[in-house]
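# Overview (structure and organization)
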Number of protein chains: 2
Amino acid sequence: MSIIGSGNVATAVSIALSKSGINILEIFSPNINNAKLLAEKVNSRYVKELGGLCADTDLFLIATPDKEVNNVIHKLPQNQSIVAHTSGSHALVHSGINQQRSGVFYPLQTFTKDKEVDFKEIPVCIEASDENTSKLLFQLAKSISNNVVTLNSEQRQYLHLTAVAVNNFTNLLYNHAFTLLKEQNIDFALLRPLIRETALKITDINPADAQTGPARRNDTQTINKHLELLDKHPKFKEIYSLLSNQIIKKYHG
Amino acid sequence: MSIIGSGNVATAVSIALSKSGINILEIFSPNINNAKLLAEKVNSRYVKELGGLCADTDLFLIATPDKEVNNVIHKLPQNQSIVAHTSGSHALVHSGINQQRSGVFYPLQTFTKDKEVDFKEIPVCIEASDENTSKLLFQLAKSISNNVVTLNSEQRQYLHLTAVAVNNFTNLLYNHAFTLLKEQNIDFALLRPLIRETALKITDINPADAQTGPARRNDTQTINKHLELLDKHPKFKEIYSLLSNQIIKKYHG
């Protein structure tokens, strides 16, 4: 197989596949330095042009930003391979030009280059144009993860959307907290046990039952005090206000 | 010592203290059934009236909703004890009537009655009216936690505010995700590895560097697609829109 991309997802997936014994033939990325680095890591070749990729491979896995996916497909060399992408929101690719067999290989996780993750628990969501392709992608996913599922494009979009909420938005909340605590000379590390427990709690308890805090208790005195403390942080304040009101309406509305 | 309250915090703190060998003399709560249950758990007596609490105790620990704290203090029997509360946002109590020695014993965690937590890592934030009281509360906290810090009232308020953000607001995001996935027949459990990694990632990486996702990449195509998918979920949509815009402005503004 060959990989297109050298970003966070391309890197994490390539390393996991390579470790499980999959042979990665070539890597292409418009960022040649990144492609070179990744190729070294996974004992592969790097290629300087999309059209220069070897056509004789079982699978082209496109792990680029979403908006590049279509562009990449049209610039691949003429081939009989499976063409799959790793995007959560991009539909299954039906390219009538070269490809009959297409698929999706979407790993549901947040990847950062310098932090290797254990792939075994990471859900990999598979979709394919046909039964054989599905089988092959499923098998590939199984080689790195114990958590492989089949989802259609619409389901995958919804899953991706909720992943944005529980990861990207939660991380923005961490960010606001970090900045505010730094200003007050308070160590952000004090929040870590709470952050961990917040994440672990919903393994045992439904999120609706796990809700606590001033808004859950409709404690407007505390909420107003917090909003005052945020007077110099209008962005954090806007989030505080919107989310508190939603919690109050949900439980007391 | 005696405990006033029988809610989530009162229960968790009482159980941890009792397990560490601290003798809990009496429990009072307006909810007599809860008080009775808790008293049984920690091998204590329960009392039906605040004024009926025995005055001869080293410490009254008030673990009630914030708005009840002042009320409770004024109804305690005449005493020479330390009076402390567990509130994140309530200032240090300076009651000139009976109490010279007052304090704060604020455990920074989300507590739910049916889920026992390991107290050792939970930060306990101490504040006191005087050196001796501080020492005693510090010692008490140390008996259940390895993470005891001294914070003044203002710092504690800010810490509490950020705790609301990283716990209560994050949990609301889980809630929206849960509801949406249920509608689409997708198992919420698929999100758990991502949720865990989101929480663990910021142990190694600053939240600003941990940010990923469509808004971080300024991928308006995906963001607009997600907003469309949320047309029937205006509350989730409002959060999605506000937080995505903040991330875009932060990284691309």
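Below is a summary of the structure that appears in this document. (Residues numbered from 1 in each chain as written. Chains lettered and ligands numbered in written order. Predicted model: local features only at pLDDT ≥ 70, side-chain atom pairs only at ≥ 80, totals over all residues. Heavy atoms only, no water.)

### Looking at the interface of chain A and chain B
Contact residues are listed per partner, giving 90 residues for chain A and 90 residues for chain B. In this assembly, chain A packs against chain B so that about 9,100 Å² is buried in total across both faces, 67% of it on carbon and sulfur atoms. On the chain A side of the contact with chain B, Y158(A), F169(A) and L190(A) bury the most area, a combined 8% of that side's loss. Our count for the contact surface shared by chain A and chain B stands at two salt bridges. The residue R196(A) makes a salt bridge to E121(B) at a minimum N-O spacing of 2.4 Å. The tally of links from chain A across to chain B stands at 33 residue pairs in polar contact (both at pLDDT 80 or more). Of all elements in the fold, only α5 (153-183), α6 (192-204), α7 (207-210), α8 (220-229) and α9 (234-252) of chain A reach the threshold of two or more residues within the side of chain A that touches chain B. (Contact = heavy atoms within 4.5 Å. Buried area = accessible area lost by both parts, 1.4 Å probe. Salt bridge = Lys/Arg side-chain N within 4 Å of Asp/Glu carboxyl O. Polar contact = N/O pair within 3.5 Å; in protein donor to acceptor, adjacent residues only side chain to side chain. Helix = DSSP H or I, 4+ residues; strand = E, 2+ residues; numbered from the N terminus.)

### Focus: unusual backbone geometry
Even without being glycine, N185(A) reaches a positive phi, approximately 55°. Tracing the backbone shows N185(A) in the loop between α5 and α6. Classification of N185(A) by relative accessible area gives exposed; the value is 69%. Even without a glycine there, the phi angle at N218(B) is positive, about 55°. (Buried < 20%, exposed > 50% of the residue type's maximum accessible area, 1.4 Å probe, protein only.)

### Some points on the pattern of salt bridges
Residues and elements named next belong to chain A. By the definition in use, this model includes ten salt bridges over all chains. D231 serves as the salt-bridge partner of K237, at 2.5 Å between the closest nitrogen and oxygen. When its relative accessible area of 26% is taken as the criterion, K237 is described as partly exposed.

### Thoughts on the environment of T133(B)
Relative to the helices and strands, T133(B) is located in helix α4 (residues 131-142). Residues in contact with T133(B), not counting those within four places in the same chain, are I82(B), R101(B), S102(B) and A128(B).

### A word on α4(B)
Residues and elements named next belong to chain B. The end-to-end C-alpha separation of α4 is 16 Å, in line with the 16 Å expected for twelve residues at 1.5 Å each. What α4 keeps buried is the set T133, S134, L137, L140 and A141. What you see down the axis of α4 is that its buried residues fit within an arc of 130°, all on one side. Across α4 from its buried face, at more than 90 degrees, point the exposed residues E131, N132, K135 and Q139. Where α4 begins, one side-chain oxygen reaches toward the backbone nitrogen of N132, 3.3 Å away; that side chain belongs to D130. (Expected span 1.5 Å × (residues − 1). Arc of directions from axis to C-beta.)

### Some remarks on the sheet that holds strand β8 (residues 148-150) of chain B
Residues and elements named next belong to chain B. What the eight strands build is an open sheet, ordered β3-β2-β1-β4-β5-β6-β7-β8; its pairing is mixed. The open sheet terminates on both sides in strands that have one partner only, identified here as β3 (45-47) and β8. Pairwise comparison of adjacent strand axes, ignoring direction, gives a mean angle of 25° for this sheet. Along the sheet, helix α1 (residues 8-19) contacts β1 (2-4), β2 (26-28), β4 (59-62) and β6 (102-107); its crossing angle with β6, the most-contacted strand, is approximately 95°. Contacts from α4 reach β4, β5 (82-85), β6, β7 (124-128) and β8 within the one sheet, and its direction differs from that of β7 by about 165°. (Pairing = 2+ DSSP bridges. Axes fitted to C-alpha atoms, helices over the stretch in contact; angles between N-to-C directions.)

### Looking at the environment of S89(B)
All names here are of chain B. Relative to the elements of secondary structure, S89 occurs in the loop between β5 and β6. Taking relative accessible area as the criterion, S89 reaches 2% and is therefore assigned buried. With 23 residues separating them along the chain, S89 and D66 place their C-alpha atoms 7.6 Å apart.

### Considering the relation of the copies chain A and chain B
With an RMSD of 0.0 Å, chain A superimposes on chain B once it is rotated by 180° and translated 0.0 Å along the axis. Taken together, the rotation and translation describe the operation of a two-fold axis. For chain A, the minimum C-alpha distance to the rotation axis belongs to T170(A) and amounts to 2.8 Å. A shared binding surface is used by both copies, with 100% of the interface residues of chain A retained as interface residues in chain B. (Least-squares fit on C-alpha atoms with pLDDT ≥ 70 in both.)

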